[in-house]
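# Survey of secondary and tertiary structure
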Amino acid sequence: MATVTSKTLEGALGAKLRLNFGSTVEEATDAQMMKACALVLRDMMAIREVETKQMVRREEKRQVHYMSLEFLMGRSLMKNAYNLGLLPQLRQALENLGFRAADIFELEPDAALGNGGLGRLAACYLDSMTTLEIPATGYSICYELGLFRQKIIEGQQVELPDNWKDLGDAWLMPKPQETEEVHFGGNIREFWADGYHHVVHENYQTVLAIPCDMEIAGYETRHTNTLRLWDAKSPSPVDMSLFSQGEYLKATEAHAMAEVIAKVLYPEDKHIEGKSLRLKQQYFFVSATVQSVARRHLETYGTLKNFHEKNVFQVNDTHPALVIPELMRLLIDDAGLSWDEAWYITTHSVAYTNHTVLSEALERWPQDLIQRNLPRIWQVLVEISNRWQKKVEDFYHDSTKTEDMAIIWGGQVRMANLCIAGGMAVNGVSGLHSGILKKDLFRNAYGMEPWKFQNVTNGIDHRRWLSEINPGLDRLIRDLAGGDEYLLHPTALSRLDDYADDAEVLQRLSEIKRKNKEAFADYARRTQDVVLNPDAIFDVQVKRLHEYKRQLLNALHIITLYQQLQDDPGRSMQPQTFLFGAKAAPGYAVAKRIIHLINSLADQINHDPICKDKLQVVFLENYRVSLAEQLIPASEVSQQISTAGKEASGTGNMKFMMNGALTVGTLDGANVEMHDLLGDENMFLFGLHADEVAELKARGYLPQRLYARDPILRRALDQLKTGFRDGVSYEDLFARLVTGSNCAADEYLLLADFAAYCAAEKRMVETYANPAEWNRMSLHNIARSGMFAADRAVAEYADHIWHVGHR
Ligand code: 26V
């Protein structure tokens, strides 16, 4: 392709504005300009996408189908321009046309089609799969409303709808000619004819699945992949037979049922509710995907018998688990294969990643829900379950193991066991987590089929999460570590270690951080209406709000610091600014109370003159990808303080490390691997280890004792009861930690880790007083972070699970 200059882009943008909005450059609003930019880049990617598809077909390559109910994409304009190598030209073109590039970028809404880590991981992997030139497609639902927008009103979370498509749909390309039909309800008729057993699904309701494709550009490659988002439509606006009988409302029911499927992303990320709509979402996107992949395969190869050689479905947690019975159904009912042939193909084309060990998040569906909504899938599940159960019995001859490994049991369908039975690989997302799967959660399955179990430690898109969002640091790395080599070879970052004692380099690093802090303070003033003190340590905890992540432990420590300051208001101290960002699932009452508490505490501290220039607490509203992109480069301390054994991996931890923040953390998830790379001396580790947590719980954990014994802890906890100047008492949170109510007190062992946490924070602050030491540690963190690039993780999937080649 001819080189694209800013002039070419100016011409293309002008033309788009005329053709799509009937507007001149002078008349165009920022929003129109943002859309025009998206459309111009989309055109370029569309051409490449066609070429990529032709190549994949011609060379008969094996393809990866990454199935996930969530893709937390965030913004795409800057990212796509960056990957296409056009970011400087686009900036220039916008300025030349009289627009502020930064304003245009900031106008783009986040595509928040995900809750948190699991969805963001899928987005990072799409980037890496494309950059590594792996033929891959992501599949999900084209939710009309993404994750809710959070407002804080009087200290409390209020949820507002996220209408992202108003502007964000510029990236979507509807492909109505590739619509699939998905069938719900009805009944199954079976009969014998011509010596064959026939199965017919009758009286079902049809929902149309219409693909809306989003192109994914790779970095320094023409290879282009697709994120296929299925939109749900009813085949007819009304049921004419009911309509003509005068049943007007009833006539529109099917229509409403169909279209509600793609209405909204479920905002619960750690708790499953057996909701029929959620099941319908899952089957809708699974069935549409399997049909569309099989259709393309048939077009290319004329048979499905080699399906597993050319396709692999990666299922992101169990949410797409119905891919297993759906593929079986299609191979048997539609393609006429035998059960054994179909099972061989299925169990050689599905791989499962587990993302949590929390029992409340393990999917189990009431069997009657499946029976009613998916009658044919239910039959297939029963057969899979029976055969699996027999295999387990023959292997173990142990009824407790049969029960533990069962797929259908006690009126429920257990999706993780289905994935283990029907998949060729099962992996966890960090060394510790994969070990827990083998030793604990899935120990019996591991005992029977150990070869299926693997680990792939998570990774992040370092081009987005370092180079794109932290241009100052990017420049330093290019100067020191071999130019842009690290962008495709992230371990080149390790060359930074050569400069550990170079005072000039360390000085530059600290100036970059200082600039980023000032830039964030500016952003926070504009968008959050808070004034941050850039002389203070930026100590940050941003992630979904969950008790196991222990935001409340962070808050208790801050209460202690405040109480110490009250005892001695003249005390000189290193100023600290504690920043929080977190959304709580709307139905998770305790999480919402913790948000309220943090806001009450912030209100108290920020209004107390003794805290001026010493202590500050800020709850950032509406934490999301685009806010993370501003905040992380400015952060100095990364709080990763989950109860050991609970956080499967964490990926925020990696983003902070890569941007030179130092971690205060427990030995949990990928923190363990960070610690392996960094040693005790380059992070602030504290707290019980995973095995100690288990032992303590087995012995009988008594938080009341800690409350009685430790006066500092007791005083902080008592403050929860008293509350703060807004007069709200947090006695309920106190009870949850100390006395327990309907559950055991302090499930996540905050009290057990409190003293160690305070000590770690103290070490951190002491180290901060020595800038040379701090900057050296920061540089070392960046240097060691290459291991956490998604490119490494995706290459491991490609080599050990998918068996596909890559760049
Ligand atoms: C569960 C459910 C239950 C039903 C409603 C919707 C929903 C959505 C998500 C989930 C599973 C959440 C699991 C999850 O997000 N795990 C996170 O995955 C990250 C990527 O592997 C990992 O870094 C985090 O440690 C882990 O908590």
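So, here's what we can say about the structure. All values derive from a computational prediction rather than experimental measurement.

### Thoughts on the sheet that holds strand 23 (residues 637-640)
Spatial ordering of the open sheet is given by 22-21-20-23-24-25, a layout of six strands whose pairing is parallel. Every other strand in the sheet has two partners, leaving strand 22 (615-620) and strand 25 (684-685) as the edge strands with one partner each. Pairing of strand 21 (residues 576-581) with strand 22 involves six bridges; the strand directions are parallel. Counted as the bridge partner of Gln576 is Leu615 from strand 22. Against the sheet, helix 26 (residues 589-607) engages strand 21 and strand 22, with an angle of about 140° to strand 22.

### A look at the packing of aromatic side chains
Counted according to the given criterion, the structure contains 15 aromatic pairs. Arranged with centres 5.0 Å apart and planes meeting at 45°, the rings of Phe686 and Tyr757 form a pair that is tilted. You can see Phe686 sitting in the loop between strand 25 and helix 30 (690-699) and its partner Tyr757 sitting in helix 34 (residues 750-768), a full 71 residues away along the chain. Among the residues examined, Phe686 registers a relative accessible area of 5% and is labelled buried. Ring-pair connections join several aromatic residues into one group, and the members of that group are Tyr66, Phe71, Tyr125, Tyr797 and Trp802. Stacked on the ring of Phe538, the Lys or Arg Lys517 has its end atom at 4.8 Å from the ring centre. Residue placement shows Lys655 over the ring face of Trp465; its charged tip is 4.5 Å from the ring centre.

### Some thoughts on the sheet that holds strand 16 (residues 408-409)
Pairing within the open sheet is antiparallel, and its three strands lie in the order 15-17-16. Looking at which strands have only one partner, the edges of the open sheet turn out to be strand 15 (364-366) and strand 16. The pairing of strand 16 with strand 17 (residues 412-414) spans two bridges and is antiparallel. What sits directly across from Trp409, in strand 17, is Gln412. Of the strands in this sheet, strand 15 and strand 17 are in contact with helix 18 (residues 415-422), which crosses strand 17 at around 50°.

### Thoughts on a nonpolar patch on the surface
On the surface, Met240, Phe243 and Tyr248 cluster together into a nonpolar patch covering about 340 Å² of accessible area. You can see Tyr248 is positioned in helix 9 (residues 248-251).

### Focus: the site of the ligand
Around the ligand lies a shell of 20 residues, among which Glu268, His355, Asn458, Glu647 and Gly650 are the nearest. In the environment of the ligand, an oxygen atom lies 3.3 Å from a nitrogen or oxygen atom belonging to the side chain of Tyr548. Within the backbone of Gly650, one N or O atom sits 2.9 Å away from an oxygen atom of the ligand. Alone, the ligand offers 600 Å² of accessible surface; in the complex the protein occludes 96% of this. Tallying contributions element by element places helix 6 (residues 117-131) first for the shell around the ligand, with three residues. Classifying every residue of the shell around the ligand by side-chain character gives six nonpolar, eight polar and six charged.

Rules behind the numbers
- Residues numbered from 1 in each chain as written.
- Predicted model: local features only at pLDDT ≥ 70, side-chain atom pairs only at ≥ 80, totals over all residues.
- Heavy atoms only, no water.
- Pairing = 2+ DSSP bridges.
- Helix = DSSP H or I, 4+ residues; strand = E, 2+ residues; numbered from the N terminus.
- Contact = heavy atoms within 4.5 Å.
- Axes fitted to C-alpha atoms, helices over the stretch in contact; angles between N-to-C directions.
- Phe/Tyr/Trp six-rings, centres within 6.5 Å; stacked < 30°, edge-to-face > 60°.
- Buried < 20%, exposed > 50% of the residue type's maximum accessible area, 1.4 Å probe, protein only.
- Lys NZ or Arg CZ within 6 Å of the ring centre and 35° of its normal.
- Patch = residues over 30% accessible without salt bridge, like charges linked within 9 Å, V, L, I, M, F, W, Y side chains within 5 Å.
- Areas by Shrake-Rupley, 256 points an atom, 1.4 Å probe, with all protein chains shown as cover.
- Salt bridge = Lys/Arg side-chain N within 4 Å of Asp/Glu carboxyl O.
- Near = heavy atom within 4 Å.
- Polar contact = N/O pair within 3.5 Å; in protein donor to acceptor, adjacent residues only side chain to side chain.
- Nonpolar A, V, L, I, M, F, W, Y, C, P; charged D, E, K, R; others polar.

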